[in-house]
Amino acid sequence: MTTPLARRECTIPLVEVAVTEFDLACLPETGAVFDRLLALRPAQIVVDLSACRHIDAAAIGFLLDVHRRLTRADGVLTVREPNPRIRRILQSARLDQVLPVVVGDAATGSPERPGPVAPPVGRAVVPGGGGGSRRPAPAGQGRARRSAEWA
């Protein structure tokens with residue numbers, strides 16, 4: 001008879017990561033950062049996509065893998081502030097039904113979907129890898145913020 005695995009307690013409550021490039025070209029570098037983060041056994045990882053302009057299928061698969069690994073350790077992965085285009089991609093991939101996607105002013109705590117988001121403790125920017133360049137957004141097209149009222 002085998003003994004059940006002992007539960008590891010979380011060593012830190014929250015890790016926030018701002019991702020600026022999120023596609024196949026940067027996944028090796030991003031994966032290495034997340035491997036180190038997951039080794040810390042955080043209670044929650046918040047992936048801030050507010051500065052991210054592109055996401056592809058490989059990045060969505062990566063998020064699902066991080067979600068699976070974190071859930072096994074009793075942690076939560078939350079995606080915060082995706083721009084409207086990325087939000088539509090996440091919705092069409094049904095990622096928003098698997099993990100919390102928070103949209104709205106994080107300071108006031110008005111998420112589109114409620115999630116266990118705590119105030120950020122620290123920030124780490126994961127630079128994009130690969131040699132591809134991204135075009136800047138046309139002038140006057142900032143990211144839209146939407147808040148929802150919850151009963």
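Here, the structure is the one placed above.
Residues numbered from 1 in each chain as written. Predicted model: local features only at pLDDT ≥ 70, side-chain atom pairs only at ≥ 80, totals over all residues. Heavy atoms only, no water.

J.: Lay out the pattern of salt bridges in plain terms, naming residues and giving numbers.
T.: Across all of its chains, the model carries five salt bridges by this definition. Its salt-bridge partner being Arg 80, residue Glu 16 comes within 2.6 Å of it at the nearest N-O pair. One end of the pair, Glu 16, is in strand S1 (residues 12–19); the other, Arg 80, is in strand S3 (residues 76–80), with 64 residues separating them in the sequence. Its relative accessible area of 3% is what places Glu 16 among the buried residues. A salt bridge links Arg 69 to Asp 35, with the nearest nitrogen and oxygen atoms 3.0 Å apart. Taken together, the residues span a long stretch of sequence, with Arg 69 in helix H2 (residues 57–72) and Asp 35 in helix H1 (residues 27–39) at a distance of 34 residues. In this structure Arg 69 comes out as partly exposed when scored by relative accessible area, which is 31%. In this structure Asp 35 comes out as partly exposed when scored by relative accessible area, which is 39%. (Salt bridge = Lys/Arg side-chain N within 4 Å of Asp/Glu carboxyl O. Helix = DSSP H or I, 4+ residues; strand = E, 2+ residues; numbered from the N terminus. Buried < 20%, exposed > 50% of the residue type's maximum accessible area, 1.4 Å probe, protein only.)

J.: Before we move on, could you go through H2 and cite the residues and values that matter?
T.: Side chains that are three or four residues apart share a direction in an α-helix, a result of its 3.6 residues per turn. In a regular helix each residue adds 1.5 Å, so 16 residues correspond to 22 Å; H2 covers 23 Å between its end C-alpha atoms and thus fits that length. Residues of H2 that are buried: Ala 59, Ile 60, Phe 62, Leu 63, Val 66, His 67 and Leu 70. In an axial view of H2, the angular spread of the buried residues amounts to 155°, which keeps them on one side of the axis. Pointing more than 90 degrees away from the buried face of H2 are the exposed residues Ala 57 and Arg 72. If you follow the buried residues of H2, they end up packed against H1, strand S2 (42–48), S3 and helix H3 (84–92). Two or three places before Ala 58, at the opening of H2, Asp 56 has a side-chain oxygen 3.3 Å from that residue's backbone nitrogen. Of the residues flanking the end of H2, it is Asp 74, one or two places downstream, whose phi is positive at about 60°. (Expected span 1.5 Å × (residues − 1). Arc of directions from axis to C-beta. Contact = heavy atoms within 4.5 Å. Polar contact = N/O pair within 3.5 Å; in protein donor to acceptor, adjacent residues only side chain to side chain.)

J.: Give a detailed account of the nonpolar core, specifying residues and quantitative values.
T.: One finds Phe 22 and Ile 45 to be the most contacted residues of the largest nonpolar core, which totals 27 residues. For Ile 45, the residues in contact, after removing those within four places along its chain, are Val 15, Phe 34, Leu 37, Leu 38, Leu 70, Val 76, Leu 77 and Thr 78. (Core = buried A, V, L, I, M, F, W, Y, C linked by side-chain atoms within 4.5 Å.)

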